[in-house]
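# Survey of secondary and tertiary structure
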Amino acid sequence: MTKQYYVVENPRYWRKRVPQVEFLSVSEYLFSKEYQDVKQLRIINLARNYGYLGAGYYVSLVAEARGHQVIPNLSTVQALSRKEFYLIETDDLDAQIQKSLANITDDKFELSVYFGRNVNKKYEKLSRLFFNLLPCPLFRVHFVKEKRWALHSIKPVALDKIPAYHDEIFMEALLDFGVRRWSLRKRANTLRYDLAILFNPHERYSPSSEATLQKFIKAGKTAGLAVEIIEKRDYAHLPEFDGLFIRETTAIDHHTFRFARKAEKENMVVIDDPRSILYCTNKIFLNEVFKRAGVPRPRTLVLSEENLESSLQEFSFPIILKIPDGSFSRGVVKARDAAELKAHSKEFFRHSDYIIAQEFMPTEFDWRIGIFNGKPLFACQYFMSRDHWQIINHKVEGSGRLGNHKTHPIELMEENIIATALKSCKLIGDGLYGVDLKVVEGKPYVVEVNDNPNIDTGVEDELLKDKLYQIIMEEFAVRIDKRRMRKDGSAGQAAQDLPKLMNSKGYA
């Protein structure tokens with residue numbers, strides 16, 4: 001099992017206070033051979049001075065060079081020193097700031113965050129949000145108010161600067177994070193890497209069901225991966241893993257994109273990667289890329305409020321209107337005439353400056369070709385919902401809401417369908433994609449490429465069964481292996497250079 005240590009300036013004092021956990025001095029961790037060659041360690045860096053070339057900075061630097069899991073890691077340490085970081089905003093964070101601080105009458109406020117906790121329970125949700133964005137053991141957030149509350153600065157806190165009346169909650173938070181949370185993650189020694197699957201159990205049309213995730217977990221063990229399901233609230237623990245598999249509907253202005261970017265910054269293997277999410281979640285982008293590359297697609301126009309009238313001449317009705325970032329058939333309507341087009345467009349323009357108009361191609365079913373790592377993985381027919389022109393009919397409930405499906409062997413598929421799917425994905429990346437196509441008079445047309453395609457028991461795995469999950473998990477293991485080899489090579493060079501730097505600052 002992976003061991004964990006708290007690195008502090010005065011370990012004797014802390015060993016007496018908190019005997020449940022293990023403490024090391026800065027010098028012990030940096031220079032003792034006992035910790036230099038151990039590959040699986042977790043380091044909670046409580047050393048003073050995360051500033052460039054300070055003791056705390058070196059602990060995080062050396063930990064990353066050794067391949068140890070560390071909080072805060074270097075990207076967090078650097079973020080603390082950059083003023084631009086204070087401008088970070090998310091809808092969740094800003095809304096919680098305004099809600100949490102609504103009753104404060106002063107124009108300044110200071111929030112102490114201890115492993116995502118605060119002395120006042122009413123600020124714990126806000127503290128947890130900040131800790132998720134900035135996984136640092138101890139820091140203070142400073143706010144100022146003009147018309148609205150705004151983030152002013154974030155500064156780390158040294159252990160000896162914790163007020164006495166905060167001591168109890170700090171000790172609780174330290175134990176909760178270091179002992180209770182991480183001790184939940186135990187694995188057999190035979191498993192080489194940790195893989196997180198990001199999942200929202202409350203999502204109605206999740207790309208994979210909970211039963212399907214269990215198949216990924218089982219396949220992961222075979223591939224040497226300890227797979228754990230995580231949720232939005234586990235953002236701060238993302239660096240504990242070697243890879244991230246997103247099984248939640250993605251969007252740019254969404255925590256899934258922040259998870260993907262964070263994983264990429266941490267040098268983790270992530271599917272789907274931020275670029276794939278950025279490309280696939282916007283139909284305007286896909287249209288431009290496919291047009292330039294000659295990928296066959298339904299006739300498509302980008303509409304604005306200015307060109308709407310003139311564009312009416314370009315189509316015969318009915319036509320399909322789409323919001324650029326819609327998913328699961330949402331934000332997609334059929335306009336039967338000019339009046340419906342104008343009515344739907346007016347509503348869509350409230351959400352986006354530009355919308356998509358696409359030729360209506362009535363078919364009994366759509367093809368979904370699953371592509372992974374540049375190779376075809378599965379081929380499914382998704383039939384239209386009963387008496388409807390889409391796969392999902394959002395206006396009804398019950399058995400008629402979803403259309404039927406049929407999975408086909410890849411080797412028996414028409415070559416032009418597979419070739420078109422592969423060509424479209426090559427323009428995006430080497431992740432996991434679902435290519436939606438319509439076939440009319442023998443010719444395939446790409447409707448869109450999804451960065452997070454459905455993979456569910458009894459549907460996409462109907463033919464491959466458990467092999468489908470094994471293919472994906474084994475590829476994760478291969479990619480993590482390659483990433484680790486590159487990282488170990490660069491870490492070796494970094495480790496050779498560290499003693500000179502540390503000696504020059506008096507830490508030897």
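Residues numbered from 1 in each chain as written. Predicted model: local features only at pLDDT ≥ 70, side-chain atom pairs only at ≥ 80, totals over all residues. Heavy atoms only, no water.

### Thoughts on the overall build of the chain
Secondary structure assignment for the chain yields 16 helices and 20 strands. Among the 508 residues that make up the chain, the fraction classed as buried is 53%. In the chain, of all internal contacts separated by at least 6 residues, the share reaching a separation of at least 24 is 66%. Put simply, the chain shows about 24,800 Å² of open surface, and 49% of that area lies on carbon and sulfur atoms. (Helix = DSSP H or I, 4+ residues; strand = E, 2+ residues; numbered from the N terminus. Buried < 20%, exposed > 50% of the residue type's maximum accessible area, 1.4 Å probe, protein only. Contact = heavy atoms within 4.5 Å. Areas by Shrake-Rupley, 256 points an atom, 1.4 Å probe, with all protein chains shown as cover.)

### Looking at the nonpolar core
Counting residues in hydrophobic clusters, the biggest one holds 68 residues, and the most contacted among them are Tyr 29, Phe 115, Phe 130, Phe 143 and Phe 170. Counting 29 residues, the second-largest nonpolar core is a separate cluster that includes Leu 195, Ile 217, Leu 225 and Met 473. (Core = buried A, V, L, I, M, F, W, Y, C linked by side-chain atoms within 4.5 Å.)

### Quick look at the pairing of strand 1 (residues 3-8)
Burial analysis of strand 1 places five of its six residues in the buried class, the great majority of the element. Pairing of strand 1 with strand 3 (residues 41-45), which is carried by five bridges, proceeds in the parallel orientation. Looking across to strand 3, one finds that Tyr 6 is bridged to Ile 44. As paired elements, strand 1 and strand 2 (residues 23-25) share three bridges and run parallel to each other. Looking across to strand 2, one finds that Val 8 is bridged to Ser 25. Assessed by its sense of winding, the connection that carries the chain from strand 1 through helix 1 (residues 11-17) to strand 2 is right-handed. (Pairing = 2+ DSSP bridges. Right-handed = clockwise from strand over helix to strand, strands pointing away.)

### Notes on the side chain of Arg 42
Checked against the element boundaries, Arg 42 lands in strand 3. Of the side chains with opposite charge, Glu 240 lies nearest to the buried Arg 42, which makes no salt bridge, at 4.5 Å. Engagement of the side chain of Arg 42 in a polar contact is seen with the side chain of Gln 69, the distance being 2.7 Å. (Lys, Arg positive; Asp, Glu negative; His and termini not counted. Salt bridge = Lys/Arg side-chain N within 4 Å of Asp/Glu carboxyl O. Polar contact = N/O pair within 3.5 Å; in protein donor to acceptor, adjacent residues only side chain to side chain.)

### Structural notes on helix 14 (residues 338-348)
Taken together, the buried positions of helix 14 are Glu 340, Leu 341, Ser 345 and Phe 348. Each buried residue of helix 14 lies within a common arc of 125° when the element is viewed along its axis, so the set occupies one face. Opposite its buried face, helix 14 presents the exposed residues Ala 339 and Lys 346, each directed more than 90 degrees away. Here the buried face of helix 14 lies against helix 13 (308-311), strand 13 (319-322), strand 14 (332-335) and strand 15 (355-359). At the N-terminal boundary of helix 14, the capping side chain belongs to Asp 337, with an oxygen 3.2 Å from the backbone nitrogen of Ala 339. (Arc of directions from axis to C-beta.)

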